[in-house]
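Close look at the chain arrangement
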Amino acid sequence: MLGCIIGDLAGSRFEGCSQNPKDVPLFVRHQTTFTDDSICTIAVAEALLNNQPVEETLRSWCKRYPDRGYGSRFRQWIYMPETADRHSYGNGAAMRIAPVGLLAADSQAVTRLTAMVTDVSHDHPEARRGAGAVAASIRLALSGLEKRAIGAEIHERYGYQLSASIQDLHDQDSYSESCQDTVPVALICALKASCFEEAIRNAIYIGGDTDTIACIAGGLAEALYGIPAHLVEESQPYLPGAFLDVLQRLYAAASQPMPLAGSIKALPKPTSQRGSPSIMGWFNSFFV
Ligand SMILES: [Mg+2]
């Protein structure tokens, strides 16, 4: 899930921009910032971890961090729930769903938890499809399925075409905030990369709603490749302590420990549902 937040941070400087080069600094002081994508992801994680109502938890986190790029309809949902239109297929449904992929025990749980998290504000079938595909892809990656098989499974179950090249998507130069446009692009960013950082750079290079595309791509890329330790470290100054607390608890509860590139593969798989103590120790060294 930290991968989502790193994607949001790195993409935040480029939201709405096209023709971004790939070779950009991922973090820039006074420009890089977390946005709605990180806040909503943290809120969903906390709701699931504490078994709290998703709707109230989302609202409470969003009010704690106002003016972080919420769309106008979602802002209405936060502040005037009784008049809000919940029939949304906005990509907000897909950018916050990663914790389901980490915490769901099986594919039925992915479906059930996705509906529970999504329907509170995005009860359109396209929103549930997009969120479901993102959560399922993360769960499949964590279960060890290889990329081609993940793409095939997502295509079969959710109907997304994942064949476009990164260059084609860059050349299309389009901007969309819908699930149906954003989710396949973000999944392609991760599936066609060779490492976590390349997935994030793909999202920036494609342009458009870059923080959300990079957030979704980052969640899947973390599950596929792990996060390089230097990016974990570089992201820390941009994150409030309250985020780190939720992240810590999420990784402790997830069925897989935090995947760190270069170290996770060398460690034995945890024997319980808890994270490996050595990984958690490493993680704690940053987050306490
Ligand atoms: Mg955003």
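Scroll up to find the structure this text is about.
One structure accompanies this document, and this report is about it. (Residues numbered from 1 in each chain as written. Predicted model: local features only at pLDDT ≥ 70, side-chain atom pairs only at ≥ 80, totals over all residues. Heavy atoms only, no water.)

1. Comments concerning the packing of helix 11 (residues 179-191) against helix 12 (residues 196-206)
It is at 7 Å that the axes of helix 11 and helix 12 come closest, and there the two elements cross at 135°. Here helix 11 lies oblique to helix 12, going by the angle between them. For the pair helix 11 and helix 12, the sense of crossing is right-handed. Between helix 11, through Val-185, Cys-189 and Ala-190, and helix 12, the contact on the second element is made entirely by Ala-199, Asn-202, Ala-203 and Ile-206. (Axes fitted to C-alpha atoms, helices over the stretch in contact; angles between N-to-C directions. Helix = DSSP H or I, 4+ residues; strand = E, 2+ residues; numbered from the N terminus. Parallel < 35°, antiparallel > 145°, perpendicular 65-115°, else oblique. Left-handed = near helix turned anticlockwise from the far one by under 90°. Contact = heavy atoms within 4.5 Å.)

2. Details of the layout of surface pockets
Counted as a void, the largest pocket has a volume near 460 Å³. At the level of elements, helix 2 (36-50), helix 4 (72-79), helix 5 (92-95) and helix 13 (210-225) are the ones that each hand at least two residues to the lining of the largest pocket. Ranked by residues supplied to the lining of the largest pocket, first place goes to helix 4 with four residues. Split by residue class, the lining of the largest pocket holds six nonpolar, 12 polar and nine charged. (1 Å grid on protein atoms, 1.4 Å probe; cavity = no way out; pocket = protein on both sides within 12 Å on 5 of 7 lines; lining within 4 Å. Points joined across faces, edges and corners; volume = space filled by probe spheres on them. Nonpolar A, V, L, I, M, F, W, Y, C, P; charged D, E, K, R; others polar.)

3. Topic: the pattern of salt bridges
For the structure on display, the rule yields nine salt bridges. Its salt-bridge partner being Arg-73, residue Asp-85 comes within 3.1 Å of it at the nearest N-O pair. Of this pair, Asp-85 sits in the loop between helix 4 and helix 5 while Arg-73 sits in helix 4, and the two are 12 residues apart along the sequence. Take Asp-85: its relative accessible area is 43%, and that puts it in the partly exposed class. Residues participating in the shared-partner salt-bridge network are Glu-46, Asp-245 and Arg-249. (Salt bridge = Lys/Arg side-chain N within 4 Å of Asp/Glu carboxyl O. Buried < 20%, exposed > 50% of the residue type's maximum accessible area, 1.4 Å probe, protein only.)

4. Some details on the packing of aromatic side chains
Tallying each qualifying case throughout the model produces eight aromatic pairs. Between Phe-74 and Trp-77, the ring centres sit 5.0 Å apart and the planes meet at 15°, which makes this aromatic pair stacked. Taken together, the positions of Phe-74 and Trp-77, both in helix 4 and three residues apart, correspond to about one turn of that helix. Overall, the relative accessible area of 1% leaves Trp-77 in the buried class. Cluster of aromatic residues (ring-pair linked, three or more members): Phe-34, Trp-61, Tyr-65 and Phe-243. Here the guanidinium or amino end of Arg-64 rests over the ring plane of Trp-61, the centre of that ring lying 4.6 Å away. Above the ring of Phe-34, the side-chain terminus of Arg-68 is found at 3.9 Å from the ring centroid. (Phe/Tyr/Trp six-rings, centres within 6.5 Å; stacked < 30°, edge-to-face > 60°. Lys NZ or Arg CZ within 6 Å of the ring centre and 35° of its normal.)

5. Focus: unusual backbone geometry
Outside of glycine, negative phi angles account for most residues, and trans bonds account for most peptide bonds. Phi is positive for Gln-19, which is not a glycine, with a value near 60°. Tracing the chain through its elements places Gln-19 in the loop between helix 1 (2-11) and helix 2. Although it is not a glycine, Asn-51 adopts a positive phi angle of roughly 55°. With respect to the element layout, Asn-51 can be found in the loop between helix 2 and helix 3 (54-64).

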